[in-house]
Amino acid sequence: MRKIVIAGNWKMFKTQAESAEFLSGFLPHLEETPSQREVILCPPFTDLSLISKSLHGSRVNLGAQNVHWEENGAYTGEIAAPMLLEIGVRYVIIGHSERRQFFGETDATVNLRLKAAQKYGLVPILCVGETKQQRDAGETESIISTQLKKDLVDIDQANLIIAYEPIWAIGTGDTCESKEANRVIGLIRSQLTNPLVPIQYGGSVKPNNIDEIMEQPEIDGALVGGASLEPDSFARIVNYQ
Ligand SMILES: O=C(CO)COP(=O)(O)O
């Protein structure tokens, strides 16, 4: 049985005060959440320490939005895995399209980050996906296949989550049709050596489409951006039927 994993990626949103307010609204909803569902919050680095303390004893796990590949060093602005582990982080998003698009992330650096995360015992959430232009040109399969081939060199698939995030569906309200997301996720799975890797869908996941998305047999969860910022909305997603 593959695990169901629902993660909120807060991107560059929420101060500490705002994240504390979120938790007080969100945590009580988790009493209704089926116990085998994994729930993860990935706030900005500056919120991690405070949220980690507030989550103590709760069933929510903590994730970061990036990690550097060295243990420490002269890398201004970067964060290393031991720093995350010490404050209770267990997961880390790697290769998000916003990192690839705006911060020069390449398949080579994604691979280095994945290796470092696993070396220190963090479970990476690897993001892959195509642009609108690539989809229109019929390149979806080849783009994703290349990303997987390059990103997953020497990666242990027993400790890995993948998120299929079509770039054109992120933050646009233009969700990928659930059957199409299911098809692409099936293709991703066919390229993996471990059939148990959870594969999430991400891109305009909302309370009104989560049920349909989670009905698809290949989809093992969601990586949620905008709709994870508001307690009731994220609770509705986590507690999908
Ligand atoms: O990028 C995403 C999650 O990592 C998706 O963002 P939205 O849910 O805001 O479209």
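Residues numbered from 1 in each chain as written. Predicted model: local features only at pLDDT ≥ 70, side-chain atom pairs only at ≥ 80, totals over all residues. Heavy atoms only, no water.

**Focus on the sheet that holds strand 5 (residues 123-128)**
The strand order 1-2-3-4-5-6-7-8 describes a closed barrel built from eight strands, whose pairing is parallel. Each adjacent strand pair in this sheet contributes to an overall mean axis angle of 25°, direction not counted. The sheet contact formed by strand 3 (residues 60-64) and strand 4 (residues 91-94) spans two bridges and is parallel. Bridge pairing in strand 4 links Ala64 to Val92. Where helix 10 (residues 231-238) meets the sheet, its contacts fall on strand 1 (4-9), strand 2 (37-42) and strand 8 (221-224), and the angle it forms with strand 1 comes to roughly 165°. (Pairing = 2+ DSSP bridges. Helix = DSSP H or I, 4+ residues; strand = E, 2+ residues; numbered from the N terminus. Axes fitted to C-alpha atoms, helices over the stretch in contact; angles between N-to-C directions. Contact = heavy atoms within 4.5 Å.)

**Quick look at the packing of helix 1 (residues 16-26) against helix 2 (residues 45-55)**
With their axes 9 Å apart at the nearest point, helix 1 and helix 2 run at an angle of 30° to one another. Taken together, helix 1 and helix 2 sit at an angle that is classed as roughly parallel. The handedness of the crossing between helix 1 and helix 2 is right-handed. Within the contact between the two elements, helix 1 uses Gln16, Ser19, Ala20 and Leu23 and helix 2 uses Thr46, Asp47, Leu50, Ile51, Ser54 and Leu55. (Parallel < 35°, antiparallel > 145°, perpendicular 65-115°, else oblique. Left-handed = near helix turned anticlockwise from the far one by under 90°.)

**Focus: the site of the ligand**
Around the ligand lies a shell formed by Asn9, Lys11, His96, Glu165, Ala169, Ile170, Gly171, Gly203, Ser204, Leu223, Gly225 and Gly226. Contact between the ligand and Lys11: an oxygen atom at 2.8 Å from a side-chain N or O atom of the residue. The backbone of Gly226 places a nitrogen or oxygen atom 2.8 Å from an oxygen atom of the ligand. Contact with the protein chains removes 97% of the 310 Å² of surface that the ligand exposes when unbound. By residue class, the composition of the shell around the ligand is three nonpolar, seven polar and two charged. (Near = heavy atom within 4 Å. Polar contact = N/O pair within 3.5 Å; in protein donor to acceptor, adjacent residues only side chain to side chain. Areas by Shrake-Rupley, 256 points an atom, 1.4 Å probe, with all protein chains shown as cover. Nonpolar A, V, L, I, M, F, W, Y, C, P; charged D, E, K, R; others polar.)

**Considerations on the environment of Phe45**
Inspection of the secondary structure assignment puts Phe45 in helix 2. Expressed as a C-alpha distance, the spacing of Phe45 and Lys11, which sit 34 residues apart in the sequence, is 9.9 Å. If near-sequence neighbours (up to four positions away) are discounted, Phe45 is found in contact with Ala64, Asn66, Ile79 and Leu84.

**A closer look at the side chain of Glu105**
Relative to the helices and strands, Glu105 is located in the loop between helix 4 (97-102) and helix 5 (107-119). Contact partners of Glu105, with chain neighbours within four places excluded, come to Asn66, Arg99, Arg100, Val110 and Arg113.

**Topic: unusual backbone geometry**
You will see that Lys11, though not glycine, has its phi angle at about 50°, which is positive. Looking at where Lys11 falls in the secondary structure, it is placed in the loop between strand 1 and helix 1. Relative accessible area serves as the criterion here: at 19%, Lys11 is assigned to the buried category. (Buried < 20%, exposed > 50% of the residue type's maximum accessible area, 1.4 Å probe, protein only.)

**Concerning the UniProt feature "active site" (unreviewed entry) in the chain**
Per the UniProt entry, the sites bearing "active site" (unreviewed entry) are His96 and Glu165 in this numbering. The annotated residues occupy 70 residues of the chain but converge on a single region, no pair of C-alpha atoms lying more than 8.4 Å apart. Considering only the residues just annotated, the largest pocket is lined by His96. Within the secondary structure, His96 is located in the loop between strand 4 and helix 4. On the basis of relative accessible area, His96 is assigned to the buried category, the value being 4%. (UniProt positions renumbered as here; feature names shortened; annotations may be inferred. 1 Å grid on protein atoms, 1.4 Å probe; cavity = no way out; pocket = protein on both sides within 12 Å on 5 of 7 lines; lining within 4 Å.)

**Thoughts on the pattern of salt bridges**
Under the counting rule described, the total for this entry stands at 15 salt bridges. With a shortest N-O distance of 2.9 Å, Arg2 and Asp220 are connected by a salt bridge. Of this pair, Arg2 sits in the segment before strand 1 while Asp220 sits in the loop between helix 9 (210-214) and strand 8; the two residues are 218 residues apart in sequence, bridging distant segments of the chain. Looking at Arg2, the relative accessible area reads 25%, which means it is partly exposed. What makes Asp220 buried here is its relative accessible area of 4%. When the shortest N-O distance is used, the salt bridge between Glu180 and Arg135 registers 2.9 Å. On the criterion of sequence distance, the pair formed by Glu180 in helix 8 (residues 178-190) and Arg135 in helix 6 (residues 132-136) is long-range, its members being 45 residues apart. Sharing partners across several salt bridges, the network here consists of Glu130, Arg135, Glu141, Glu180 and Arg183. (Salt bridge = Lys/Arg side-chain N within 4 Å of Asp/Glu carboxyl O.)

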